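Here is what each chain is made of, one letter per residue.
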Amino acid sequence: MTESTGPLADVIPADWARWSSVPPRVIRPLAGGLTNRSYLLAAGNDRLVLRKNSPISDALDLDRQAEAAAMGNADRAGLCAPLVHCDPGHRYMVTRFVEGQPWRRDSNGALQQLADLLRGIHQLPTIDATLDIEEKVASYWQSIDPQAGFYPDLRTLDAEMHRHIEAVRPLADDLRLCHNDLSTANLITEPGGRLYAIDWEYAAMGDPFYDLAVIVDEHSLDDAQQHRLIEAYLERPLKSLDLKKLAHWRVIYGYLAVLWYAVQACAEGGIDSGTNSAVASRARKLSALSNIVWSNNSIPGDQ
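Residues numbered from 1 in each chain as written. Predicted model: local features only at pLDDT ≥ 70, side-chain atom pairs only at ≥ 80, totals over all residues. Heavy atoms only, no water.

**Q** Help me understand the overall build of the protein, please; the structure alone is not making it clear to me.
**A** On a plain count of helices and strands, the protein comes out with eight helices and 10 strands. In terms of C-alpha radius of gyration, the protein reaches 20 Å, essentially the compact-globule figure of 19 Å for 303 residues. In terms of its C-alpha atoms, the protein occupies a principal-axis envelope of roughly 65 × 50 × 35 Å. A sequence separation of at least 24 residues applies to 70% of the contacts in the protein between residues at least 6 apart. For the protein, the accessible surface area stands at approximately 14,600 Å², while carbon and sulfur atoms represent 48% of it. Here the protein contributes 29 positive and 40 negative side-chain charges, whose respective centroids are spaced 3 Å apart. (Helix = DSSP H or I, 4+ residues; strand = E, 2+ residues; numbered from the N terminus. Rg over C-alpha atoms; globule rule 2.2 N^0.38 Å. Contact = heavy atoms within 4.5 Å. Areas by Shrake-Rupley, 256 points an atom, 1.4 Å probe, with all protein chains shown as cover. Lys, Arg positive; Asp, Glu negative; His and termini not counted. Charge placed at Lys NZ, Arg CZ, Asp CG, Glu CD.)

In structure tokens form, the structure reads like this:
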């Protein structure tokens, strides 16, 4: 591993002395971020990660104060990469570097390990931020260009999605602190076997089943894996009501995800035919999933 030079010398924040007693050096950029830019640093014997926040954080409706509060709680519980510094101006964040590999769904004991991590996250203290789905949707729509080719497909989808939001309201559990973005890139297993959740920028109080929905979709869990994960998380046998909730939240998560991609595309400008086709295709697939959910949810769930 060698130190990077040249343009990367400008990466280090001018106020680095707030969080390091020695001048930090950039080792290399880190891959994987879709909007933020992250870098591996050396500060004496320490290895740190500097994350430069996305310039479109406002368009993506990111609450940096909520992120800092959630990470503070998670850090004290040993559930995330140890927090070093949150910039008061919300321009960047520094954590300790966790050496490890992405969580793998098929490894021995992986689903139980993830269920344990998820339960730990949901037992963390509350923060002053709540995932209000309709507010999030409205915020995303404000940043989507009505002239984009995919706009009509998204608008057609919108009314259908609000039916799922209404359907899940009476099924919701008590609000818990949720990570809300436990994708492959955000689950790291260190060599000793400990599992960490990283990148907490979407953290907020919400329904724990939203976290489960994100995991199911992002990790492509099959039916058997979904059932094992939920039973391990709930520590009881699965009920049909659990599957009902999961189904609605998967559709809602899919809707937020497609809006997120649309916001990204509009923010970057120059939407081409490939982007229009990709977003429109996501919208149509989600509409098909929505129809399946409604047909499968005609039988009332167990209480």
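**Q** Would you mind showing me how to read the packing of aromatic side chains here?
**A** Two descriptors summarise a pair of aromatic rings, namely the distance from one centre to the other and the angle between the planes of the rings. Scanning the entire structure with this criterion turns up five aromatic pairs. Ring plane angle 85 degrees and centroid distance 5.4 Å describe the contact between Trp141 and Tyr151, whose orientation is recorded as edge-to-face. Separated by 10 residues along the polypeptide, Trp141 in helix α3 (residues 133-142) and Tyr151 in helix α4 (residues 151-168) bring together distant segments of the chain. In this pair, the class of Trp141 matches that of Tyr151, namely buried. Ring plane angle 90 degrees and centroid distance 5.0 Å describe the contact between Trp260 and Tyr261, whose orientation is recorded as edge-to-face. A connected cluster of aromatic rings, assembled from ring pairs, spans Tyr210, Trp249 and Tyr253. (Phe/Tyr/Trp six-rings, centres within 6.5 Å; stacked < 30°, edge-to-face > 60°. Buried < 20%, exposed > 50% of the residue type's maximum accessible area, 1.4 Å probe, protein only.)

**Q** Looking at this structure, I do not really get the side chain of Ser20. What am I missing?
**A** Considering the arrangement of structural elements, one finds Ser20 in the segment before β1 (25-30). At 2.5 Å, the side chain of Ser20 forms a polar contact with the backbone oxygen of Val22. (Polar contact = N/O pair within 3.5 Å; in protein donor to acceptor, adjacent residues only side chain to side chain.)

**Q** So what exactly am I meant to see when it comes to the packing of α4 against helix α7 (residues 240-268) here?
**A** Angle between the axes and distance between the axes are the two parameters that describe a pair of packed helices. Interhelical geometry of α4 versus α7 gives an angle of 145 degrees and a closest axis separation of 9 Å. For the element pair α4 and α7, the recorded crossing hand is left-handed. Seen from α4, the contacting residues are Leu154, Leu157, Asp158, Met161, His164, Ile165, Ala167 and Val168; seen from α7, they are Lys245, His248, Trp249, Val251, Ile252, Tyr255, Val258, Leu259 and Ala262. Among the residues forming the contact of α4 with α7, the class breakdown is 13 nonpolar, two polar and two charged. (Axes fitted to C-alpha atoms, helices over the stretch in contact; angles between N-to-C directions. Left-handed = near helix turned anticlockwise from the far one by under 90°. Nonpolar A, V, L, I, M, F, W, Y, C, P; charged D, E, K, R; others polar.)

**Q** Help me out: how do you make sense of the pairing of strand β3 (residues 46-52) in this one?
**A** The side chains of a regular strand alternate between both faces of the sheet. Judged from the seven bridges that link them, strand β2 (residues 37-43) and β3 form a sheet pairing that is antiparallel. Within the sheet, the bridge partner assigned to Leu40 lies in β3 and is Val49. In this antiparallel pair of consecutive strands, β2 and β3, the connection spans two residues, and Gly44 shows a positive phi of 65 degrees. When β3 meets strand β5 (residues 92-96), the two strands line up antiparallel, connected through five bridges. Following the sheet pairing, Lys52 is matched in β5 by Tyr92. (Pairing = 2+ DSSP bridges.)

**Q** Help me understand unusual backbone geometry in this model?
**A** Phi is mostly negative for residues that are not glycine, and the peptide bonds are mostly trans. In the Ramachandran plot, Asp61 falls in the positive-phi region, its phi being about 60 degrees despite a non-glycine side chain. Examined against the element boundaries, Asp61 turns out to sit in the loop between β3 and α1 (64-76). We note that Asp199 has phi near 60 degrees; this positive angle belongs to a residue other than glycine. Relative to the helices and strands, Asp199 resides in the loop between β9 (195-197) and β10 (204-206).

**Q** Explain the sheet that holds strand β8 (residues 187-189) to me, please; I cannot follow it from the model alone.
**A** The strand order across the open sheet formed by three strands is β6-β8-β9, and the pairing between neighbours is antiparallel. Either end of the sheet is taken by a strand with one partner, and the two such strands are β6 (101-102) and β9. One ladder, built from three bridges, connects β8 with β9; its direction is antiparallel. Residue pairing in the sheet places Leu187 in a bridge with Ala197 of β9.

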